[in-house]
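Architecture and fold: a report
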Amino acid sequence: MTRRTATATRTATATALALAASLALAGCGDSDPAPSDGELSVGSAYMPQPVSDSMAAGFLVIANGGGAGDRLSSVTSDVAGEVTIHRTVGQTMEEVNDLDVPAHGKLVLESGGDHLMFEKLKRKPKEGDTVSLELHFAKSGPLKVEMPVKSAVYRPSAATGSSTQSSTQPSTTSHH
């Protein structure tokens, strides 16, 4: 190997190492990165057939496989004039602006607990129907969800969301 080739090889190697180090350091500076596509997924979604002509409840589990927390900030649906987010504290239900989706954790929206309220229904969903909704987050992109309408007395066997479905399955959940 000539001296010129050896010098060029060392220079190229040093440049590549410097570039790799600067890219690694740039990643370290972001202490709260936004969850990337695919880190949020939705499962166990359902709406009990509403008994009211104007209002319905919705339940689901949002799993966060990423290292950064997020917040469910709003929900939209073609079936309702408005979808609100509710927290249940003791026996009291209160509307909130958002709910935490913890890093490496789940936000469980279930009967008797935190949940969604579909208000000003444009049509009354019936058992067997599917309701489309879009979940909006503080950091992540929106998730589209197809929520099946179950009987008014339906209770899931496991509301912990062990059957969460990835956003890569477009039939249930997809990123916008």
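Right, let's walk through the structure included here. All residue numbers refer to positions counted from 1 along the written sequence of the respective chain. Thresholds applied to this predicted model are a pLDDT of at least 70 for local features of residues and 80 or more for the giving and counting of side-chain atom pairs; totals over whole chains, interfaces and linings are not thresholded and use all residues. As a rule here, side-chain values come from all non-hydrogen atoms in the structure, and water together with hydrogens is ignored.

Let us now look at the overall build of the protein. Only DSSP runs of H or I reaching four residues or more are called helices, and only runs of E reaching two or more are called strands; each is numbered from the N terminus. Assigned secondary structure in the protein consists of 1 helix and 11 strands. Starting at the N terminus and walking to the C terminus, you meet the elements of the protein as α-β-β-β-β-β-β-β-β-β-β-β. When accessible area is computed with a 1.4 Å probe and restricted to protein chains, residues below 20% of their type maximum are described as buried, those above 50% as exposed, and intermediate ones as partly exposed. The buried share of the protein, reckoned over its 176 residues, is 35%. Here, two residues are considered to be in contact whenever any of their heavy atoms come within 4.5 Å of each other. Counting contacts in the protein only where the partners sit at least 6 residues apart, residues at least 24 apart contribute 72% of the total.

Turning our eyes to something else, we now look at the packing of aromatic side chains. Geometry of an aromatic ring pair is reported as the spacing of the ring centres plus the angle between the planes. Between rings of Phe, Tyr and Trp, where Trp is taken as its six-membered ring, a pair exists when centres lie within 6.5 Å; planes separated by under 30 degrees are stacked, by over 60 edge-to-face, and by other angles tilted. In the structure shown here, the tally under the stated rule is 2 aromatic pairs. Here Y46 and F59 contribute two aromatic rings whose centre-to-centre distance is 5.2 Å and whose plane-to-plane angle is 45°, an arrangement assigned as tilted. Placement of Y46 in strand β1 (residues 40-48) and of F59 in strand β2 (residues 55-64) is noted, with a sequence separation of 13 residues between them. On the basis of relative accessibility, which here comes to 7%, the residue F59 falls in the buried class. Aromatic pair Y46 and Y154: ring centres 4.8 Å apart, planes at 75°, arrangement edge-to-face. You can see Y46 sitting in strand β1 and its partner Y154 sitting in the loop between β10 (143-150) and β11 (173-175), a full 108 residues away along the chain. Among the aromatic residues, those joined into a ring-pair cluster are Y46, F59 and Y154. When the ring centre of Y154 is taken as origin, the NZ or CZ atom of K150, which lies over that ring, is 5.2 Å away. Placement of a positive charge over a ring is assigned whenever Lys NZ or Arg CZ falls within 6 Å of the ring centre and within 35 degrees of the normal to the ring plane.

Right, let's get into the pattern of salt bridges. Between side chains of opposite charge, a pair can form as their charged atoms come close. A pair is scored as a salt bridge if a Lys or Arg side-chain nitrogen falls within 4 Å of a carboxyl oxygen belonging to Asp or Glu. The final tally for this structure, using the stated rule, is 6 salt bridges. Linking D53 and K124 is a salt bridge whose minimum nitrogen-to-oxygen distance equals 3.6 Å. Of this pair, D53 sits in the loop between β1 and β2 while K124 sits in the loop between β8 (115-121) and β9 (130-137), and the two are 71 residues apart along the sequence.

Let's shift gears to the environment of L60. Among the structural elements, L60 can be located in strand β2. Residues L60 and S44 lie 16 residues apart in sequence; the distance between their C-alpha atoms is 5.1 Å. When near neighbours in sequence (up to four residues on either side) are disregarded, L60 contacts V42, G43, S44, A45, L107, V108, L109, L116, L133, L135 and M147.

Note that D114 resides in the loop between β7 (105-109) and β8. The sequence separation of D114 and I85 amounts to 29 residues, and the corresponding C-alpha distance is 7.8 Å. Leave out the neighbours within four places in its chain, and D114 touches H86, R87, T88, L99, V108 and L109. Here a polar contact is taken to be a pair of N or O atoms separated by no more than 3.5 Å, where protein atoms must pair a possible hydrogen donor with a possible acceptor and residues adjacent in sequence count only if both atoms sit in side chains. A polar contact is formed between the side chain of D114 and the backbone nitrogen of T88, at a distance of 3.1 Å.

Turning our attention to the pairing of β2. Burial analysis of β2 places 9 of its 10 residues in the buried class, which makes it a mostly covered element. As defined by bridge partners, β1 adjoins β2 across 5 bridges and the pair is classed as antiparallel. Each bridged residue has a counterpart across the sheet, and for L40 the counterpart in β2 is N64. Whether two strands pair depends on DSSP finding at least two bridges between them. Across 4 bridges, β2 lies against β8 in antiparallel orientation. Along β8, the bridge assignment pairs A56 with F118.

Let us now look at unusual backbone geometry. Glycine aside, residues mostly have negative phi angles, and peptide bonds mostly take the trans form. If you check the backbone angles, S44 has positive phi at about 55° while not being a glycine. As for its placement among the helices and strands, S44 is situated in strand β1. Residues other than glycine seldom take positive phi values, yet K120 does so here, at roughly 55°. Mapped onto the elements of the fold, K120 is located in strand β8.

Among the structural elements, H86 can be located in strand β4 (residues 80-89). Given the relative accessible area of 7%, H86 is considered buried. Side chain to side chain, H86 and T84 meet in a polar contact 2.8 Å long. Setting aside its immediate chain neighbours within four residues, H86 contacts M93, E94, E95, L99, D114, H115, M117 and E119.

Any functional reading would require information beyond the geometric quantities listed.
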